[in-house]
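# Remarks on the overall topology
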Amino acid sequence: MNILSVDGLSKSFGGLMAVNDVSFEVKKDSIVGLIGPNGAGKTTVFNLITGNYQPNTGTVLFDGQNLVGLPTHIIVERGISRTFQTIRLFQNMTVLENVLAGCHCRMKCGSLAAMLRSPAQRKEEKQALGQAMDELKFVGLDHEWQNKAKNLSYGNQRLLEIARALATRPKLIVLDEPAGGMNEQETQKLIQLIRAIQSRGITVLLIEHDMGLVMRVCASLIVLEHGAKLTSGTPAEVQADPRVIEAYLGSDSE
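The following refers to the structure shown. (Residues numbered from 1 in each chain as written. Predicted model: local features only at pLDDT ≥ 70, side-chain atom pairs only at ≥ 80, totals over all residues. Heavy atoms only, no water.)

The next subject is the nonpolar core. Side chains that are nonpolar tend, in soluble globular proteins, to be buried together. Counting residues in hydrophobic clusters, the biggest one holds 42 residues, and the most contacted among them are L160, I162, I173, I194 and L206. Per-element accounting of this core gives the leading share, 6 residues, to helix α6 (residues 154–166). Every residue in contact with L206, bar those within four places of it in the chain, is listed here: I31, V32, G33, L34, F46, L175, I194, L213, V214, V217 and C218. By size, the runner-up hydrophobic cluster in this structure holds 27 residues, among which are V26, L34, I80 and I207. (Core = buried A, V, L, I, M, F, W, Y, C linked by side-chain atoms within 4.5 Å. Buried < 20%, exposed > 50% of the residue type's maximum accessible area, 1.4 Å probe, protein only. Helix = DSSP H or I, 4+ residues; strand = E, 2+ residues; numbered from the N terminus. Contact = heavy atoms within 4.5 Å.)

This is how it looks when you write it as structure tokens:
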């Protein structure tokens, strides 16, 4: 069963066609990698899926419903969360407060209830605190909960972004270069974390330049080049495809 179906997705910026008629499907509970050389259009595809950009043409079906035209916060509420290629944390807020920001989209009490500190609001706040601490424990940052985000190592800031994304209770988590800037030990921890996320019944779609990570953790890969889909398949199939080798390494004539 497919949780995500992208069909005929295109996006241009002025005269530049960043994404050109891209189609692919993501099976529920799978780990799928979106790969390609720099400038292939990978992050633009992510931005189209998550509502940061609106496509010129095409559809994005999530759980059978078209997401095109919906604002980002509604897409989060539908069940898609993400991290970013460039870390976007509230640097002067604590680690716990950053994750609580992710819990906000599932909280039902309004501003009046918060001002009056109603019993329902206090109960919801207590539940959010518990969930936030659970997500920090899940990524291994529960001991840092009082620390400010800016004081974390770069690798731990990446993990904090993942914890915040998980706090939205997603069905699909979209990770944009989660291993960027990580050392080998941190990357190994990330591989285990991605598998643990999948074991929770959350589908994972990721962009990653670390081919060792991609080949080890992904069940299938989608390859983009110059904004278009080049091929897709298992990691072994993609790795052996001459078109993929040429896209990354260039042809003999080049």
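Next comes the rest of the write-up.
Now for the side chain of Q157. With respect to the element layout, Q157 can be found in helix α6. With near-sequence residues (within four places) excluded, Q157 lies in contact with I87, L89, Q91, A149, K150 and L152.

Taken as a whole and assessed by the stated rule, the structure comprises 1 aromatic pair. With a centroid separation of 5.2 Å and an interplanar angle of 70°, the aromatic rings of F13 and Y53 are classed as edge-to-face. A residue pair is termed long-range when its members are at least 10 positions apart, and F13 in strand β1 (residues 2–13) and Y53 in the loop between α1 (42–49) and β4 (57–62) qualify at 40 residues. Exposure remark for F13: the relative accessible area of 36% places this residue in the partly exposed category. Note that R200 overlies the ring of F138, its terminal NZ or CZ placed 4.5 Å from the centroid. (Phe/Tyr/Trp six-rings, centres within 6.5 Å; stacked < 30°, edge-to-face > 60°. Lys NZ or Arg CZ within 6 Å of the ring centre and 35° of its normal.)

Right, let's talk about the layout of surface pockets for a bit. If you add up the space inside the largest pocket, you get close to 450 Å³. For the lining of the largest pocket, the elements supplying multiple residues, two or more each, are α2 (72–78), β6 (80–82), α3 (95–103) and α6. Among the elements that line the lining of the largest pocket, the one with the most residues is α2, at 4 residues. Its residues assigned to classes, the lining of the largest pocket comprises 8 nonpolar, 8 polar and 3 charged. (1 Å grid on protein atoms, 1.4 Å probe; cavity = no way out; pocket = protein on both sides within 12 Å on 5 of 7 lines; lining within 4 Å. Points joined across faces, edges and corners; volume = space filled by probe spheres on them. Nonpolar A, V, L, I, M, F, W, Y, C, P; charged D, E, K, R; others polar.)

The phi torsion at D29 lies on the positive side, around 65°, for a residue other than glycine. Residue D29 is classed as partly exposed on the basis of its relative accessible area, which comes to 34%. The phi torsion at H226 lies on the positive side, around 50°, for a residue other than glycine. For H226, the position within the fold is in the loop between β9 (220–225) and β10 (228–233).

As for its position among the elements, I162 is in helix α6. Along the chain, I162 and E135 lie 27 residues apart, while their C-alpha atoms are 8.9 Å from each other. In contact with I162, other than residues within four places in its own chain, are T83, V139, I173, L175, L190, L193 and I197.

On to α1. By the criterion of burial, α1 is predominantly enclosed, with 7 of the 8 residues buried. G51 lies just past α1 and shows a positive phi near 85°.

Our next topic: the pairing of β10. Pairing analysis gives 5 bridges linking β9 to β10, with the strands arranged antiparallel. Across the sheet, the residue bridging to V223 is T231, located in β10. (Pairing = 2+ DSSP bridges.)

Moving on to the pattern of salt bridges. As a working rule, side chains carrying opposite charge can pair if their charged atoms are close by. Going through the model one piece at a time under the given rule, you end up with 6 salt bridges. When the shortest N-O distance is used, the salt bridge between K171 and D63 registers 2.8 Å. Of this pair, K171 sits in the loop between α6 and β7 (172–176) while D63 sits in the loop between β4 and β5 (65–66), placing them 108 residues apart in sequence. Of the charged contacts in the structure, one is a salt bridge between D241 and R243, with a shortest N-O distance of 2.9 Å. Residue classification places D241 among the buried residues on the basis of a relative accessible area of 11%. For R243, a relative accessible area of 45% gives the class partly exposed. (Salt bridge = Lys/Arg side-chain N within 4 Å of Asp/Glu carboxyl O.)

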